[in-house]
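Descriptive analysis of the structure
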Amino acid sequence: MPALVNIRGDDDFYSEGGSLCSGDSGIVFSIGSHVEIYCPPRKRSRISGPYIVGRDIFEDKRPSIDVLPDECLFEIFRHLPGGRERSASACVSKRWLTVLSSVRSSEFNRNKIPQGQPETISIEKAMCGRKKSNGCEACSYCSWYIQPWRTWKTFNPRKQCSEGISNFGLSAIARGCPSLRVLSLWNVPSIGDEGIFEIARECHSLEKLDLCQCPSISNRGLAAIAESCPNLASLTIESCPNIGNESLQAIAKFCPKLQSITIKDCALVRDLGIASLLSSSTVLTKVKLQALNITDYSVAVIGHYGKSITNLVLCGLQNVSQKGFWVMGNAKGLQTLSSLTITSCRGVTDLSLEAVGRGCPNLKHMCLRKCCFVSDNGLVAFAKAAGSLESLQLEEVNRITQLGILTALSSCISKLKSVSLVKCMGIKDLSTEFPMLSPCESLRCLSIRSCPGFGSTSLAVVGKLCPQLHHLDLSGLCGITDAGLLPLLESSLARLHGETLELLNLDGCQKITDASLAALADSCPLLNDLDVSKCSITDSGVVALSHGSQHNLQILSFSGCSMITNKSRPALEQLGRTLVGLNLQHCNSISSNTIESLTENLWRCDILS
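Now for a look at the structure at hand. (Residues numbered from 1 in each chain as written. Predicted model: local features only at pLDDT ≥ 70, side-chain atom pairs only at ≥ 80, totals over all residues. Heavy atoms only, no water.)

1. Description of the pattern of salt bridges
Applied cut-off: Salt bridges are defined as contacts in which a side-chain nitrogen from Lys or Arg sits within 4 Å of a carboxyl oxygen from Asp or Glu. Runs of E in the DSSP output that reach at least two residues are strands. Runs of H or I that reach at least four are helices, and both are numbered from the N terminus. Burial status follows relative accessibility: with a 1.4 Å probe on protein chains alone, a residue under 20% of its type maximum counts as buried, one over 50% as exposed, and anything between as partly exposed.
The final tally for this structure, using the stated rule, is nine salt bridges. Linking Asp193 and Arg220 is a salt bridge whose minimum nitrogen-to-oxygen distance equals 3.6 Å. With a gap of 27 residues between them, Asp193 in helix α5 (residues 193-202) and Arg220 in helix α6 (residues 219-228) connect regions that are remote in the sequence. Measuring nitrogen to oxygen at the nearest pair gives 3.0 Å for the salt bridge that ties Arg358 to Glu354. With Arg358 and Glu354 both in helix α11 (residues 350-359) and four residues apart, the pair spans about one turn of that helix. Residue classification places Arg358 among the exposed positions, given a relative accessible area of 52%.

As structure tokens, this is what we get:
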């Protein structure tokens, strides 16, 4: 048996793994083949780590600071002087990042929280662009951290693993940004109520919250936000299947400053939640309800209690009937409403549309999309009732004809400034005589796009009915010809004080030829933006336009005009003296050399080819 030398005289030994060690952390090592020396324990180490016993030294394979426990790192990070130092520490390793993110802002050892903390956080599921050698989407840098010394307008953690941000990450944001004002969560199914609870506990200054495609967030999470964030002014909830009436009732109760609410495609939201929200708010100005299972009751509540609403959007409310919209108008509560958009609502009919016009005396902007039961009678009645109307937009309202449009224009002779018609298939060119109509002197902007039935006859009437047009968009009207456009251009010459067209879009009007360009050159000296893409324009038309007096022309598009050739280069250079944008895409008869020459000579102009 080998001799043992016990310096302390303590015989408390035990065997472990074939070597003799002392139960009091002493060390036994060999100095020969038959002698082992036992050394007494040193002062107890604060950190225990794996030591390798060598012949002459004790070696710790880990970096010395890595043996510190999280508690020590927490205290070290808590005493770092500023945000830059904490940010640099967070870059060292994931462990340091994790510890640092667990430190609340109030726990940092400083007298005053620095200004410039992030006020806006926007989080959406994203993929990390970096890859490991094994092809995994994750990497050691797939993390984010708070930089409280910087003033962020938006925060979008693009460097995220495919799993997305979790409740732990959102909790770190909450602890690091107690002054957070705006939070957007988009398509982050891994975030649930736990993360939202932490936001509610820490971020009492929250003013705007956007939740989109967050299936793990329920009524409990949103209710916690409502109870803890009384300054909430804007709320958006979209495609959140577990959010319903209970949380909206909490919002109505605890958020008196709510000014904007958007709710879309939330199956659990019903009449009770909408009614509670709208009937209790006195400062709500913007409301958007889309694809919800609500009935006439909710729309009636809007009409009765929406005294502060200025902007209202109703989309895809399939369970709301004509009665609901009729009551909304006749309730007389929407006195301050200035903008109304209704899309794909079967309850909008001639009767209910007229009621809305009468019940909203300050309505200035009206947009109807895909309302299949509105006809000429309803449109004309609405135009007469809405005395403050300035802008009217109709899209895919297919029961409306050109007679209804022209009669409505004639009814709004004082304030209407802009009219837009898009894909209204009921508009057809008629050869019959139109009744005598009063001109709409106030109309400045007219857009008729992709209405294939609108032809030259209707355009000629528009030219007489709307003598003060400044912007005219006729894109996609294949039936328009020179004969229909020329009377409208001639009417601009008769205007007082030289007012003429400033914008003209004839994109896709295939029957427009050089004759119209020649008329433009003579009739519209203040033209600023001209688009004749895909028209039947040749070199002669370009030359005629260049000989005109278009000293203000800045934007010109000949895209798809295949009959324009290299012969137009001098005329294009002449026009290019005032141009800042020239579109020659798909002009296949113009060579690349001509394009290069134009690019070199017209250095001020951005040329697309």
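The discussion continues.
2. Re the pairing of strand β15 (residues 339-343)
Stated precisely, the cut-off is as follows: Only when DSSP finds a minimum of two bridges between them are two strands counted as paired. Think of it like this: strands point away, you trace from the first strand over the helix to the second, and a clockwise trace means the crossover is right-handed.
The element β15 is extensively covered by neighbouring structure, given that five of its five residues are classed as buried. In β15, alternate side chains face the same way, and those of Ser339, Thr341 and Thr343 on one face and Leu340 and Ile342 on the other are all buried. Relative to β15, strand β14 (residues 311-315) runs parallel, the two sharing five bridges. Across the sheet, the residue bridging to Cys315 is Thr343, located in β15. In this sheet, strand β16 (residues 365-369) lies alongside β15 in parallel orientation, the contact comprising five bridges. Directly across from Thr341, in β16, lies its bridge partner Cys367. Handedness of the crossover joining β15 and β16 through α11 is recorded here as right-handed.

3. So, the environment of Ala174
Here is the rule we go by: Here, two residues are considered to be in contact whenever any of their heavy atoms come within 4.5 Å of each other.
Tracing the backbone shows Ala174 in helix α4 (residues 167-176). Relative accessible area serves as the criterion here: at 0%, Ala174 is assigned to the buried category. Distance in space between the C-alpha atoms of Ala174 and Ser101 is 9.6 Å, their sequence separation being 73 residues. If we ignore the near neighbours within four places in the chain, the residues touching Ala174 are Glu198, Ile199, Glu202 and Cys203.

4. Focus: the pairing of strand β10 (residues 208-212)
Across the five residues that make up β10, a large majority, four, are buried. Here strand β9 (residues 182-186) pairs with β10 via five bridges, running parallel. Looking at β10, one finds that Leu183 is bridged to Leu209. Crossover handedness for the path β9 to α5 to β10: right-handed. Across five bridges, β10 lies against strand β11 (residues 234-238) in parallel orientation.

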